[in-house]
Amino acid sequence: QVQLVESGGGLVQPGGSLTLSCAGHGTNFITYSMGWYRQAPGKQRELVAIINRWDTAHYADAVKGRFTISRDNDKNTLSLQLNSLKPEDTDVYYCYATSDITSRAYWGQGTQVTVSS
């Protein structure tokens, strides 16, 4: 069974940094595009960053220059480095993976990031 498990969320002050991690289980994610989405209560889930199997990354305009997505195919892990955090970055962050072969998609359970002084 394919599972994505996030970790690393928490409370951080504005201007601070945080690293989110996502561990993939149940399959080799080398043929998957992977990414991070976020969602606030009452709002739609929105793309934060996505990275394909060739390590090409795409970022939402709101996080460009502040967040960095990376993946380790040997360890089946995905990371998101969040720098210069702002209160508006407060959301639940979800790990996402979609197969480039079958288009089947998987989601993690989410991890809360709160930016507040």
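Going by the structure above, here's the rest.
Residues numbered from 1 in each chain as written. Predicted model: local features only at pLDDT ≥ 70, side-chain atom pairs only at ≥ 80, totals over all residues. Heavy atoms only, no water.

Chemist: Please set out the overall build of the protein chain residue by residue, giving values where relevant.
Modeler: The number of helices and strands found in the protein chain is 0 helices and 11 strands. For the protein chain, the N- to C-terminal ordering of α and β elements is β-β-β-β-β-β-β-β-β-β-β. The C-alpha atoms of the protein chain give a radius of gyration of 14 Å, which matches the 13 Å a tight globule of 117 residues would have. Taken over the C-alpha atoms alone, the protein chain extends approximately 45 × 25 × 25 Å along its principal axes. Considering the protein chain as a whole, with its 117 residues, one finds that 41% of them fall into the buried category. Of the contacts formed within the protein chain by residues at least 6 apart in sequence, a portion of 55% connects residues at least 24 apart. Put simply, the protein chain shows about 6,300 Å² of open surface, and 46% of that area lies on carbon and sulfur atoms. In the protein chain, 10 positive and 10 negative side-chain charges are present, and the distance between their average locations comes to 2 Å. (Helix = DSSP H or I, 4+ residues; strand = E, 2+ residues; numbered from the N terminus. Rg over C-alpha atoms; globule rule 2.2 N^0.38 Å. Buried < 20%, exposed > 50% of the residue type's maximum accessible area, 1.4 Å probe, protein only. Contact = heavy atoms within 4.5 Å. Areas by Shrake-Rupley, 256 points an atom, 1.4 Å probe, with all protein chains shown as cover. Lys, Arg positive; Asp, Glu negative; His and termini not counted. Charge placed at Lys NZ, Arg CZ, Asp CG, Glu CD.)

Chemist: With reference to specific residues and values, describe the state of the cysteines.
Modeler: Put plainly, two cysteines are in a disulfide when a covalent bond ties their sulfur atoms together. All chains considered together, the criterion is met by 1 disulfide. The disulfide that involves Cys22 links it to Cys95, with 2.0 Å between the sulfurs. Disulfide Cys22-Cys95: the torsion about the S-S bond is -80 degrees, which places it as left-handed. Residue Cys22 is located in strand E3 (residues 18-25), and its partner Cys95 is located in strand E9 (residues 91-99); the two are separated by 73 residues in the primary sequence. Given a relative accessible area of 0%, Cys95 falls into the buried group. (Disulfide = S-S within 2.5 Å.)

Chemist: Break down the nonpolar core for me, citing the residues and quoting the values.
Modeler: Grouped together as the largest cluster of nonpolar side chains are 28 residues, with contacts concentrated most on Trp36, Leu80 and Tyr93. Elements that contribute at least two residues to this core include exactly E3, strand E4 (32-39), strand E5 (46-51), strand E7 (67-72), strand E8 (77-82), E9 and strand E11 (111-115). Dropping the residues within four chain positions of it, Leu80 is found in contact with Leu18, Thr19, Leu20, Trp36, Val48, Ala49, Phe67, Thr68, Ile69 and Tyr93. (Core = buried A, V, L, I, M, F, W, Y, C linked by side-chain atoms within 4.5 Å.)

Chemist: Lay out the pattern of salt bridges with the relevant residues and their values.
Modeler: For the structure shown, the criterion picks out 6 salt bridges. Two residues, Asp61 and Lys64, come together in a salt bridge whose shortest N-O distance is 3.2 Å. The exposure class assigned to Asp61 is exposed, which follows from its relative accessible area of 65%. Linking Arg66 and Asp89 is a salt bridge whose minimum nitrogen-to-oxygen distance equals 2.7 Å. Here Arg66, found in the loop between strand E6 (57-59) and E7, pairs with Asp89, found in the loop between E8 and E9; they are 23 residues apart in sequence, far enough to count as distant. Judged on exposure class, the residue Arg66 and its partner Asp89 are both buried. One salt-bridge network, held together by shared partners, links Arg38, Glu46, Arg66, Asp89 and Asp91. (Salt bridge = Lys/Arg side-chain N within 4 Å of Asp/Glu carboxyl O.)

So yeah, pure geometry; function would need other evidence.
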